[in-house]
Amino acid sequence: MSTSKHTQANAAAVTDAPDAHNAQGGQTAGFTPPTSKELFLGFLGLGMTAFGGALPLAHRMVVERRRWLSEAEFVELLGLCQFLPGGNIINLSVALGMKFRGVKGALAAIFGLIAVPSAVVVVLGIIYQHYQHDPNVKHLFAGLAAAAAGLLIQMAVKIALPLRKNLVLAAVAIVCFVAIAFLRIPLLWVMLVMTPISVLLTARYGDRFSAKPQVAVEKATVGKETAKEGAK
């Protein structure tokens, strides 16, 4: 009798597992969308600290710290922003603001993002005109470029890791990388060709070649245990 109760308790826990998984993925059941003020302050802090590359820090701020988006939502939104003309981080701030607070949120996010960098660039431009031939200044910019490259690689690895669970999406990502990095095909043409192909392949074969969720495996295990108890 006690074994049967234990099995039922396990089944109930597994049934509730998707909700817990969704909560860990980013937005919880009681998620409150950020206000326009929070969007402004969040992107203001991002603009003040994003030296050399804003996307890795944007990922950390939006997904890991403030949990405004889940990992999957961030990747999807970033993919849309890369397809649109303009800077990715600018597009991301506008899209995120529109998602939560409409036009007001979009304006708050983009003004917060560009406020401090705009002022800093003007001041540095004036200084650079006077000291551009100084060797120390040249070494400084070379070091900043290396740090920016490292940040971009770190973010690319984080975004690419979830693709290992789906062979179709991983294959599409590899093809896009080869086309842009090695074949030197313009990004616009790669996106125009690969986006519909990616959508078609994902719709037809995405589930077949994706890793089985852990929750489904646990449900199957509990079902087998319940069947054994019924046979006894």
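## Considerations on the overall build of the protein
At step 1: Check the secondary structure of the protein and you find nine helices and zero strands.
At step 2: Of all 232 residues assigned to the protein, the portion counted as buried reaches 26%.
At step 3: In the protein, the share of contacts with a sequence separation of at least 24, taken over all contacts with a separation of at least 6, comes to 66%.
At step 4: Element-wise, carbon and sulfur atoms account for 67% of the exposed surface of the protein, whose accessible area totals about 15,300 Å².

## Observations regarding the nonpolar core
At step 1: Ranked by size, the top nonpolar core spans 26 residues in total, and within it Phe-43 and Leu-46 carry the most contacts.
At step 2: At the level of elements, helix H2 (36-49), helix H3 (55-65), helix H4 (71-83), helix H5 (88-131) and helix H6 (135-160) are the ones that each hand at least two residues to this core.
At step 3: When residues of this core are assigned to their parent elements, the largest contribution, seven residues, is made by H5.
At step 4: Not counting residues within four places of it along the chain, the set of residues in contact with Leu-46 comprises Ala-54, Leu-57, Ala-58, Met-61, Ile-89 and Leu-113.
At step 5: Grouped together as the second largest cluster of nonpolar side chains are five residues, Val-172, Cys-176, Ala-179 and Met-194 included.

## What to know about the side chain of Asn-166
At step 1: By secondary structure assignment, the location of Asn-166 is in the loop between H6 and helix H7 (167-181).
At step 2: A polar side-chain atom of Asn-166 sits 3.0 Å from the main-chain amide nitrogen of Val-168.
At step 3: Among the polar contacts listed, one links the side chain of Asn-166 to the backbone nitrogen of Leu-169, at a separation of 3.3 Å.

## Structural notes on the packing of aromatic side chains
At step 1: A full pass over the atoms with the stated rule returns two aromatic pairs.
At step 2: Look at Phe-31 and Phe-100: their rings are 6.1 Å apart centre to centre, the planes differ by 50°, and that puts the pair in the tilted class. Remark: Phe-100 occurs in helix H5 and Phe-31 occurs in the loop between helix H1 (2-25) and H2; sequence separation between them is 69 residues.
At step 3: Between the aromatic rings of Phe-177 and Phe-182, the centroid separation amounts to 5.7 Å while the plane-to-plane angle is 80°, which identifies the pairing as edge-to-face. Like Phe-177, the residue Phe-182 is exposed in the burial classification.

## Brief notes about the environment of Gly-45
At step 1: Its location among the elements puts Gly-45 in helix H2.
At step 2: Along the chain, Gly-45 and Leu-113 lie 68 residues apart, while their C-alpha atoms are 7.8 Å from each other.

## Comments concerning H6
Along an α-helix, residues three or four apart share an orientation, since each turn contains 3.6 residues.
At step 1: Here H6 contains 26 residues, and its C-alpha end-to-end distance of 38 Å stays within 8% of the 38 Å for a straight helix at 1.5 Å per residue.
At step 2: Every buried residue of H6 is accounted for by Val-137, Ala-148, Met-155 and Ile-159.
At step 3: Taken together, the buried residues of H6 touch H3, H4 and H5.
At step 4: Looking at where H6 begins, the residue whose side-chain oxygen comes 3.0 Å from the main-chain nitrogen of Asn-136 is Asp-134.

## Here we look at H5
At step 1: Given a rise of 1.5 Å per residue, 44 residues ought to cover 64 Å, yet the end C-alpha atoms of H5 are separated by just 31 Å, more than 12% below that figure.
At step 2: Bending of H5 peaks at approximately 145° at the position of Arg-101.

## A look at the side chain of His-59
At step 1: The residue His-59 is located in helix H3 in this model.
At step 2: Note on His-59: relative accessible area 1%, which makes it buried.
At step 3: Beyond its immediate chain neighbours, meaning those up to four positions away, His-59 contacts Glu-64, Glu-71, Phe-74 and Lys-158.

## A closer look at the confidence of the model for the protein
Atomic detail in the predicted coordinates should be set aside for any region of low pLDDT.
At step 1: Taken as a whole, the protein shows an average pLDDT of 78; of its residues, 75% reach a score of 70 or greater.
At step 2: Taken element by element, the predicted model of the protein shows its lowest mean pLDDT in H1 (45) and its highest in H2 (93).
At step 3: Counting contacts from residues 1-26, a segment whose pLDDT is below 50, to residues more than four positions away or on other chains yields 22 contacts.
At step 4: Below pLDDT 50 for its whole length, residues 213-218 participates in four contacts with residues either more than four positions away or in separate chains.

Calculation criteria
Residues numbered from 1 in each chain as written. Predicted model: local features only at pLDDT ≥ 70, side-chain atom pairs only at ≥ 80, totals over all residues. Heavy atoms only, no water. Helix = DSSP H or I, 4+ residues; strand = E, 2+ residues; numbered from the N terminus. Buried < 20%, exposed > 50% of the residue type's maximum accessible area, 1.4 Å probe, protein only. Contact = heavy atoms within 4.5 Å. Areas by Shrake-Rupley, 256 points an atom, 1.4 Å probe, with all protein chains shown as cover. Core = buried A, V, L, I, M, F, W, Y, C linked by side-chain atoms within 4.5 Å. Polar contact = N/O pair within 3.5 Å; in protein donor to acceptor, adjacent residues only side chain to side chain. Phe/Tyr/Trp six-rings, centres within 6.5 Å; stacked < 30°, edge-to-face > 60°. Expected span 1.5 Å × (residues − 1). Bend = angle between axes of the 7 residues up to and from the residue. pLDDT = per-residue confidence, 0-100.

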